[in-house]
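# Coordinates in review
Here is how the chains run, residue by residue.
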Amino acid sequence: MYMRFPQAPGLPLESRRSAWRGAAVLTVLAALLVTAGCSTRRVSGPAPVEDRGLVRPADIVPLPGAENAGKPGYYTVKPGDTLFRIALDNGQNWRDVQAWNSLANPNAIEVGQVLRVQPPAPAPHSAPAVASTPVSPAGVVSRPLTDTAPAAAPIPAPAPAPAPASAGADELNFVWPAQGAVVSSFDETTNKGVSISGKIGDPVVAAADGRVVYAGAGLRGYGNLIILKHNNTYLTAYAHNQALLVREDQAVRQGQKIAEMGSSDTDRVKLHFEVRRLGKPVDPIGYLPKR
């Protein structure tokens, strides 16, 4: 783009130079306007931004059993929990807890998940059907021909009411599970039972009649462990064994050899023995006979 400079031969030389300079300035301004018009683009608005960190309420999936949190008979999983530990602390067989919560994998529990730790209430029984009594035709009742009136049927005596269960119905008389000396006493915070000394292979016996609800090494800090359930109130635990001589769901008798003493998952040969009353650890010395 260019502009024709003014030609005025009759004007003085200085006037012509001023006219040329003005024309040159106009030429430069026109060129700048054209360049700006070519480089300017229309912007309709900022590009949309997707916030991938935004969590919508519909995306939040509650953990199983969340509606039962805080209710009696339920437990909310905390960091570090295992199903075995939860069952032991609530006086239950871990397999029962697994079944009550329909857990396909007992190791697949999540922090915040709410588990049932007490058996569900049994379904109410329906009322038995009442048998209909046949009626004789025309309402006639047959009766033997006799002059004596029939003897009145005896009224059955009421059944005796069942005797109320004693408050101590589940109380037990335990025996010592091993013969060694007590080398570590009960402490609610650091030691939930007592430790009994001995030698490798010394017998470990059941402290009372019961059923094996756990036999294995899946509970950290206990080594080879046996847990017996004696009734709805009491469990006993036998830890750090060298060998386990019973299997899960096996019934055992008081004094029966169930394991051999060892040092699994500990620093010395000993038996760690616990008594749990309604899932809570109690001092075994208060339940064992004096020596």
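Residues numbered from 1 in each chain as written. Predicted model: local features only at pLDDT ≥ 70, side-chain atom pairs only at ≥ 80, totals over all residues. Heavy atoms only, no water.

Another aspect to go through is the overall build of the protein chain. Check the secondary structure of the protein chain and you find three helices and twelve strands. Looking at the protein chain as a whole, 30% of its 291 residues are labelled buried. Restricting the contact set of the protein chain to residue pairs at least 6 apart, pairs at least 24 apart contribute 62%. Carbon and sulfur atoms make up 58% of the accessible area of the protein chain, which amounts to about 20,000 Å² in all. (Helix = DSSP H or I, 4+ residues; strand = E, 2+ residues; numbered from the N terminus. Buried < 20%, exposed > 50% of the residue type's maximum accessible area, 1.4 Å probe, protein only. Contact = heavy atoms within 4.5 Å. Areas by Shrake-Rupley, 256 points an atom, 1.4 Å probe, with all protein chains shown as cover.)

By the secondary structure assignment, Asp209 is in the loop between strand S5 (203-205) and strand S6 (210-216). The residues contacting Asp209, other than those within four sequence positions of it, are His230, Val252, Arg253 and Gln254. For Asp209, the side chain forms a polar contact with the side chain of Arg253, separated by 3.4 Å. Looking at Asp209, its side chain comes within polar contact range of the main-chain nitrogen of Gln254, at 2.6 Å. (Polar contact = N/O pair within 3.5 Å; in protein donor to acceptor, adjacent residues only side chain to side chain.)

With 26 residues, the main nonpolar core has Ile226, Leu228, Tyr238, Ile258, Leu271 and Phe273 as its most contacted residues. If we ignore the near neighbours within four places in the chain, the residues touching Ile258 are Val204, Val205, Ala206, Ile226, Leu228, Tyr238, Leu244, Leu245, Val246 and Val252. Residues Val77, Ile86, Tyr214 and Ala239 belong to the second largest nonpolar core, which totals 22 residues. (Core = buried A, V, L, I, M, F, W, Y, C linked by side-chain atoms within 4.5 Å.)

In this section: unusual backbone geometry. Positioned with a positive phi, Ser102 is a non-glycine residue whose angle comes to about 50°. Among the secondary structure elements, Ser102 is positioned in the loop between helix H3 (94-100) and strand S2 (114-116). Look at Ser102 and you get exposed, because its relative accessible area is 67%. Located in the positive-phi region is Asp249, a residue other than glycine, with phi close to 75°. Within the secondary structure, Asp249 sits in the loop between strand S8 (234-244) and strand S9 (251-252).

The next subject is the pairing of strand S11 (residues 270-277). Within a regular beta strand, the side chains point alternately toward one face of the sheet and then the other, so they alternate between its two faces. Counting buried positions over the eight residues of S11 gives seven, a clear majority of the element. With four bridges joining them, strand S4 (residues 194-197) and S11 adopt antiparallel strand pairing. Note on S11: the bridge partner recorded for Ile196 is Leu271. Relative to S11, S8 runs antiparallel, the two sharing six bridges. Looking at the pairing, Thr236 lines up with Val275 of S11. The sheet contact formed by S11 and strand S12 (residues 280-282) spans three bridges and is antiparallel. The partner of Arg276 across the bridge, within S12, is Pro281. Taken together, S11 and the strand that follows it, S12, pair antiparallel across an intervening segment of two residues, in which Leu278 is found at a positive phi of about 55°. (Pairing = 2+ DSSP bridges.)

Within the protein chain, residue pLDDT values average 78, and 63% of them lie at 70 or more. This model gives residues 135-142 a pLDDT under 50, and the stretch forms zero contacts once residues within four places in sequence are excluded. Confidence drops under a pLDDT of 50 for residues 144-167, and excluding neighbours within four residues, the segment shows zero contacts in the predicted structure. (pLDDT = per-residue confidence, 0-100.)

Going through the model one piece at a time under the given rule, you end up with six aromatic pairs. Between the aromatic rings of Phe84 and Trp94, the centroid separation amounts to 4.9 Å while the plane-to-plane angle is 70°, which identifies the pairing as edge-to-face. Of this pair, Phe84 sits in helix H2 (residues 83-89) while Trp94 sits in helix H3, placing them ten residues apart in sequence. Exposure remark for Trp94: the relative accessible area of 9% places this residue in the buried category. Between the aromatic rings of Phe174 and Tyr234, the centroid separation amounts to 5.8 Å while the plane-to-plane angle is 80°, which identifies the pairing as edge-to-face. Here Tyr234 lies in strand S8 and Phe174 lies in the loop between S2 and strand S3 (182-184), a separation of 60 residues in the sequence. Comparing Phe174 with Tyr234, the two get one shared label, buried. (Phe/Tyr/Trp six-rings, centres within 6.5 Å; stacked < 30°, edge-to-face > 60°.)

Our next topic: the pattern of salt bridges. Summed over all chains, the structure comprises eight salt bridges. Between Asp202 and Lys199 there is a salt bridge whose closest N-O contact spans 3.8 Å. Using a relative accessible area of 57% as the deciding quantity, one classes Lys199 as exposed. Between Arg253 and Asp209 there is a salt bridge, and its shortest N-O distance comes to 3.4 Å. With Arg253 in the loop between S9 and strand S10 (257-261) and Asp209 in the loop between S5 and S6, the pair connects residues that are 44 residues apart, well separated along the chain. Residue class for Arg253 comes out exposed when judged on its relative accessible area of 56%. Looking at Asp209, the relative accessible area reads 33%, which means it is partly exposed. (Salt bridge = Lys/Arg side-chain N within 4 Å of Asp/Glu carboxyl O.)

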